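Each chain is listed here by its residues.
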Amino acid sequence: QKMPPSLPATINIREPRWDQSTFQGRAKHFFMVTDPRNLLLSGATLEEARRVVEDYRAGTVHPGLTEDQLWRAKYIYDSAFHPDTGEKMILVGRMSAQVPMNMTITGCMLTFYRTTPAVLFWQWVNQSFNAIVNYTNRSGDAPITPSQLGTAYVSATTGAVVTALGLKSLTKHLPAIIGRYVPFAAVAAANCINIPLMRQRELKLGIPVTDENGNRLGESTAAAQKAIFQVVVSRIGMAAPAMAIPPVIMNMLEKRAFLKRYPYLNAPLQVGLVGLCLVFATPLCCALFPQKSSMPVSSLEPEVQDQIRKKDPWLETVYFNKGL
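Fair warning: this is a prediction, and the values are worked out from it, not measured in the lab.

Colleague: What is the right way to look at the environment of Asn251 in this model?
Modeller: Mapping Asn251 onto the fold places it in helix α10 (residues 221-253). For Asn251, the residues in contact, after removing those within four places along its chain, are Ile177 and Arg180.

Colleague: Teacher, can you tell me more about the pairing of strand β2 (residues 216-220) here?
Modeller: Here is the key point about a regular strand: its side chains alternate between the two faces of the sheet. In this structure, strand β1 (residues 207-210) lies alongside β2, joined through four bridges in antiparallel fashion. Paired with Val209 across the strands is Gly218, a residue of β2. Taking the residues that link successive antiparallel strands as the turn, the β1-β2 hairpin has five residues, and the phi of Gly214 there is positive, at about 85°.

Colleague: Would you mind showing me how to read the domain arrangement of the chain here?
Modeller: The figure often quoted for interface size is the accessible area lost as the parts come together. Each domain of the chain was delimited in the assignment, giving domain 1 (21-87) and domain 2 (94-197 + 226-280). A C-alpha centroid distance of 30 Å is found between domain 1 and domain 2. Regarding the contact of domain 1 and domain 2, the summed buried area is about 1,000 Å², with carbon and sulfur atoms giving 60% of it. There are zero salt bridges connecting domain 1 and domain 2. Along the contact surface separating domain 1 from domain 2 lie zero residue pairs in polar contact (both at pLDDT 80 or more).

Colleague: Is there a simple way to explain the nonpolar core in this structure?
Modeller: In this structure, Leu7, Ile11, Ile13, Phe30, Tyr56, Leu70 and Cys286 are the most contacted members of the largest nonpolar core, which totals 27 residues. Of all the elements, helix α3 (residues 67-80) adds the most residues to this core, at seven residues. Setting aside anything within four residues of it in sequence, one finds Leu70 in contact with Leu7, Ile11, Ile13, Val52, Tyr56 and Leu65. In terms of nonpolar packing, the next biggest core, distinct from the first, is built from 16 residues, Phe129, Val187, Met243 and Val274 among them.

Colleague: Looking at this structure, I do not really get the UniProt feature "transmembrane region" (unreviewed entry) in the chain. What am I missing?
Modeller: The positions that UniProt labels "transmembrane region" (unreviewed entry) are, in the present scheme, residues 227-249 and 269-289. In residues 227-249, the share of helix is 100% and the share of strand is 0%. The end C-alpha atoms are 35 Å apart.

Colleague: Looking at this structure, how should I read the packing of helix α4 (residues 98-111) against α10?
Modeller: Each pair of packed helices gets described by two things: the angle between the helix axes and the distance between those axes. At a minimum axis separation of 11 Å, α4 and α10 run at an interaxial angle of 40°. Classified by the angle between their axes, α4 and α10 sit oblique to one another. Relative to α10, the crossing made by α4 is right-handed. Here α4 contributes Gln98, Thr106, Met109 and Leu110 to the contact with α10, which in turn contributes Met238, Ala242, Met243, Pro246 and Pro247.

Colleague: Got a minute to help me understand a nonpolar patch on the surface in this structure?
Modeller: A cluster of nonpolar residues, Phe23, Phe31, Phe229, Val233, Leu276, Val279, Phe280, Leu284 and Leu288, forms a patch on the protein surface that exposes about 780 Å² of accessible area. Among the elements of the structure, α1 (23-33), α10 and α12 (266-286) are those that each provide at least two residues to the nonpolar patch. Position of Val233 relative to the elements: it lies in helix α10. Of the residues examined, Val233 reaches a relative accessible area of 31% and is grouped as partly exposed.

Colleague: Where do I start with the packing of aromatic side chains in this structure?
Modeller: The way to describe two aromatic rings as a pair is by their centre distance and the angle between their planes. Taken as a whole, this structure holds five aromatic pairs when the rule is applied. Relative to Phe81, the ring of Tyr77 lies with its centre 5.1 Å away and its plane at 25°, an arrangement referred to as stacked. Take Tyr77: its relative accessible area is 7%, and that puts it in the buried class. Arranged with centres 5.0 Å apart and planes meeting at 80°, the rings of Phe121 and Trp122 form a pair that is edge-to-face. These aromatic residues form a ring-pair network of at least three members: Phe121, Trp122 and Trp124. Directly above the ring of Tyr319 sits Lys292, whose terminal nitrogen or CZ lies 5.1 Å from the centroid.

Colleague: Explain the pattern of salt bridges here, please?
Modeller: Here the structure, examined in full by the defined rule, presents nine salt bridges. Between Glu54 and Arg50 there is a salt bridge whose closest N-O contact spans 3.7 Å. Of this pair, Glu54 and Arg50 both sit in helix α2 (residues 43-57), four residues apart, which is roughly one turn of that helix. The exposure class assigned to Arg50 is partly exposed, which follows from its relative accessible area of 22%.

Colleague: Would you take a moment to explain the confidence of the model for the chain for this structure?
Modeller: Close inspection of predicted coordinates is inappropriate for parts of the model with low pLDDT. Per-chain confidence: the chain averages 82 in pLDDT, with 96% of residues scoring 70 or above. At the level of individual helices and strands, the chain shows its lowest average pLDDT in helix α7 (residues 176-179), which scores 71, and its highest in α1, which scores 90. In this model residues 1-5 is a low-confidence stretch, pLDDT under 50, and it forms three contacts with partners more than four residues away in sequence or in other chains.

Definitions and cut-offs
Residues numbered from 1 in each chain as written. Predicted model: local features only at pLDDT ≥ 70, side-chain atom pairs only at ≥ 80, totals over all residues. Heavy atoms only, no water. Helix = DSSP H or I, 4+ residues; strand = E, 2+ residues; numbered from the N terminus. Contact = heavy atoms within 4.5 Å. Pairing = 2+ DSSP bridges. Domains from an automatic or database assignment. Buried area = accessible area lost by both parts, 1.4 Å probe. Salt bridge = Lys/Arg side-chain N within 4 Å of Asp/Glu carboxyl O. Polar contact = N/O pair within 3.5 Å; in protein donor to acceptor, adjacent residues only side chain to side chain. Core = buried A, V, L, I, M, F, W, Y, C linked by side-chain atoms within 4.5 Å. Buried < 20%, exposed > 50% of the residue type's maximum accessible area, 1.4 Å probe, protein only. UniProt positions renumbered as here; feature names shortened; annotations may be inferred. Axes fitted to C-alpha atoms, helices over the stretch in contact; angles between N-to-C directions. Parallel < 35°, antiparallel > 145°, perpendicular 65-115°, else oblique. Left-handed = near helix turned anticlockwise from the far one by under 90°. Patch = residues over 30% accessible without salt bridge, like charges linked within 9 Å, V, L, I, M, F, W, Y side chains within 5 Å. Areas by Shrake-Rupley, 256 points an atom, 1.4 Å probe, with all protein chains shown as cover. Phe/Tyr/Trp six-rings, centres within 6.5 Å; stacked < 30°, edge-to-face > 60°. Lys NZ or Arg CZ within 6 Å of the ring centre and 35° of its normal. pLDDT = per-residue confidence, 0-100.

The structure is reproduced here in structure tokens:
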């Protein structure tokens with residue numbers, strides 16, 4: 001005799017567990033997605049989560065599976081597999097790697113900002129990491145060629161380094177606290193260069209737009225522009241607290257006897273402060289805009305509007321994955 005399934009096959013696990021029309025719901029979702037503990041999960045755990053999720057989506061409910069176990073499997077799956085392609089993502093490119101990676105890189109950028117070689121090295125490391133993240137979390141399922149990838153990477157890295165060095169030379173005669181903000185200005189400028197370049201294929205060819213039920217209606221460059229703008233704003237917001245608050249605290253601490261006596265604590269303290277900021281800033285800034293973003297059909301390119309009207313003349317809103 002077959003065991004009755006413990007769950008109905010009607011839970012929509014294509015969508016997050018919490019209401020994504022509210023900031024609170026999106027924040028809860030991204031606290032799960034960016035949880036660094038997901039990096040420690042074994043390959044077998046990831047594959048098991050994939051199996052549970054794919055089977056459930058196909059209508060097969062594993063005997064004894066509870067709702068909490070299903071949602072846990074969904075979040076493990078989402079943390080490691082690309083939403084559009086289903087491919088396993090590069091470990092350091094996953095959103096769960098954002099806090100540990102960014103806290104190390106940002107902490108070092110804020111600690112070693114006084115010499116030109118240090119500025120060059122850490123801006124290069126940061127842009128290399130950003131390039132991996134932007135590529136891993138791109139929207140859509142169209143491949144990007146190695147030459148496009150190389151051009152985007154070199155352009156973004158050069159832009160970040162030139163910005164950092166230019167700002168550094170301008171702050172020579174200004175108070176020390178101003179110099180501490182050069183890395184943030186460089187990172188903000190580089191995000192405006194790096195993200196559109198790494199996702200240039202989307203800007204040229206568009207990203208998939210769907211109806212409310214996920215039925216693909218076409219590709220839109222207008223949707224790609226909106227998606228990339230939202231990601232740039234989120235990324236700058238993500239970097240802001242981690243690069244704005246620790247410099248003020250470190251500036252105060254460096255005037256005290258404690259840090260003068262133990263100067264080797266400077267870098268660990270800086271990294272720790274940055275990490276504390278990022279644990280909250282990363283999910284909260286990811287939550288600024290819905291992951292499944294939307295726009296009116298009337299805002300799309302005329303040819304895409306015509307394409308959609310042929311399929312569904314009454315459709316008013318389309319949806320797309322904005323990427324991260």
